[in-house]
Structures are given as C-alpha cells and as structure tokens.
Amino acid sequence: HATYQLTLTGLPEDLSDLGLYIRTLGLGYRLTARDQSGQEHLVLSSGTPGTSRESSVPWEVPQIGLFKTLSGPTLVLTIELSNYHYAHGGPWRAPVLGYEKTLRQNMLNEQFTDFALLGLLAIVALYHFALFVVRREDTTSLWFAMFLSCLLVRHASTGRLLELFVFEPSPA
C-alpha cells in the first residue's frame, strides 16, 4: 500500500469544468483533491485500499472524477492505493486531466470502439461457421471461426464492457 501526492499548478480559478479520467488502475484506490483554501473533495474511488490482502478490495472500472466544488489555481491530488491481488496491478495508462465534455467523449469513443470490435468479431465468426456448415470438408473455416470466437470472449471478458454493463459499480 502507498500514498502519493501530486501538486497541479497553473490551473484556472474555476475548476467546475475540469475532471480526471482514469481508465483503470488494477487495484483499490481512493483519490482526493485539496484546493488552496484547504477544502478536500473525494474525486474518485475504486475498490477499497487497505493495509493487507484481507482489508483491500481491487476493482477496475474506468471513471471520470470532477473538481466541481474546488477552486484553482493550485490543486493537490492525493491517491491512497493498495495492490495485494494482482502481479501486474497498477496504472496501465496515465490518467488524463481535461474538460468534462472532452473526457466523456473520449470514454464514449473507447466504448464504441470496443463494441465495434466485438460486433466485427461476431459477424466474421458467424460467417465462417456458416461456411463450415455449407462445406463440411473445409475445417479451416471452423478453426478460424473458433479462433475468432475465443478472441470475442476474451475481449468481452477482459475489456471494460462487462464491468460497465453487467456488474454493479465499485463495491467501495
């Protein structure tokens, strides 16, 4: 477990349109922000950071946290995190600071790309299954369709789509 702090300077006075987009961290974390007046605000939370395997709960879901109640030009971000569950847990991509509208659009674009890839894999897999049904001696089509089906299942289960649309939000 660890706690990190980052000081952001040169921000506008009004932070109501700014936010932070965290795609995934692969661990339990709690991110707070403190402005110059000392006001602290919970920006993002995923899972439960803890000091042991038993007290921590990892959770991975892309999130956008907003700084609506805070004011600039200086902001101190503090993240408490723990990883006792994954060998490769941690930040796989850098968090993105930006305007809320832009961050939400980026998140939707990523989800659209995931859905498009899943749809493409499903259509091509079904096509090759149909080819195999018509020409049973062509086992290459069957093997390719099974390979694409495995890719489809892997992408659906390791991507963020299941977590966003099937499971409950973070247990924290």
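In this report, we go over the structure that sits alongside the text. (Residues numbered from 1 in each chain as written. Predicted model: local features only at pLDDT ≥ 70, side-chain atom pairs only at ≥ 80, totals over all residues. Heavy atoms only, no water.)

Comments concerning the nonpolar core
Quick reminder of the rule: Only buried residues count toward a nonpolar core, which is a set of Ala, Val, Leu, Ile, Met, Phe, Trp, Tyr and Cys residues joined through side-chain atoms within 4.5 Å. Throughout this description, buried means an accessible area under 20% of the type-specific maximum (1.4 Å probe, protein chains only), exposed means over 50%, and partly exposed covers the range between. Under the DSSP-based scheme used, a helix requires at least four consecutive residues in state H or I and a strand at least two consecutive residues in state E, with every element numbered from the N terminus. Note on contacts: a residue pair is in contact if any heavy atoms of the two residues lie within 4.5 Å.
Core analysis: the largest hydrophobic core is formed by 19 residues, its most contacted members being Tyr 29, Leu 31, Phe 67, Leu 75 and Leu 77. Looking at this core, the elements that each hand over two or more residues are strand S2 (18-22), strand S3 (28-35), strand S4 (40-46) and strand S6 (75-82). With 4 residues, S6 is the largest single contributor of residues to this core. When near neighbours in sequence (up to four residues on either side) are disregarded, Phe 67 contacts Leu 15, Ser 16, Leu 18, Gly 19, Leu 20, Ala 33, Val 43, Leu 75, Leu 77 and Leu 97.

A few points about the environment of Gly 72
The residue Gly 72 is located in the loop between strand S5 (63-66) and S6 in this model. A relative accessible area of 4% means that Gly 72 is categorised as buried. Counting along the chain gives 56 residues from Gly 72 to Ser 16, while the straight-line C-alpha distance between them is 9.9 Å. With residues near it in sequence (within four places) discarded, Gly 72 still touches Pro 12, Glu 13, Leu 15 and Gln 36.

Some thoughts on the pattern of salt bridges
For clarity, the threshold we go by: For this document, the term salt bridge refers to a Lys or Arg side-chain nitrogen within 4 Å of an Asp or Glu carboxyl oxygen.
Scanning all chains against the criterion turns up 4 salt bridges. With a shortest N-O distance of 3.3 Å, Glu 100 and Lys 68 are connected by a salt bridge. Of this pair, Glu 100 sits in helix H1 (residues 100-134) while Lys 68 sits in the loop between S5 and S6, and the two are 32 residues apart along the sequence. For Lys 68, a relative accessible area of 46% puts it in the partly exposed group. With a closest N to O distance of 3.3 Å, Asp 138 and Arg 135 form a salt bridge. Judged by relative accessible area, Asp 138 falls into the partly exposed class, the value being 21%.

Remarks on the pairing of S4
Let me state the cut-off plainly: A pair of strands counts as paired when DSSP detects no fewer than two bridges linking them.
Bridging between S3 and S4 involves 6 bridges; their strand directions are antiparallel. What sits directly across from Thr 32, in S4, is Leu 42. Hairpin geometry of S3 and S4 is characterised by an intervening segment of 4 residues between the two adjacent antiparallel strands and by a positive phi of about 95° at Gly 38.

Section: the sheet that holds S6
Keep this limit in mind: Inter-axis angles, ranging from 0 to 180 degrees, are taken between N-to-C directions of lines fitted to C-alpha atoms, where helices are fitted over the stretch in contact.
Read across the sheet, 4 strands follow the order S1-S6-S3-S4 without closing on themselves; strand pairing throughout is antiparallel. Lying at the two open borders of the sheet, with one neighbouring strand each, are strand S1 (2-8) and S4. Each strand of the sheet is rotated relative to its neighbour by a mean of 20°, with strand direction disregarded. As paired elements, S1 and S6 share 7 bridges and run antiparallel to each other. By the bridge assignment for S6, Tyr 4 is matched with Ile 79.

A closer look at the environment of Trp 59
When you line up the elements, Trp 59 lands in the loop between S4 and S5. Between the C-alpha atom of Trp 59 and that of Ser 45, which follows or precedes it by 14 residues, the distance is 9.4 Å.

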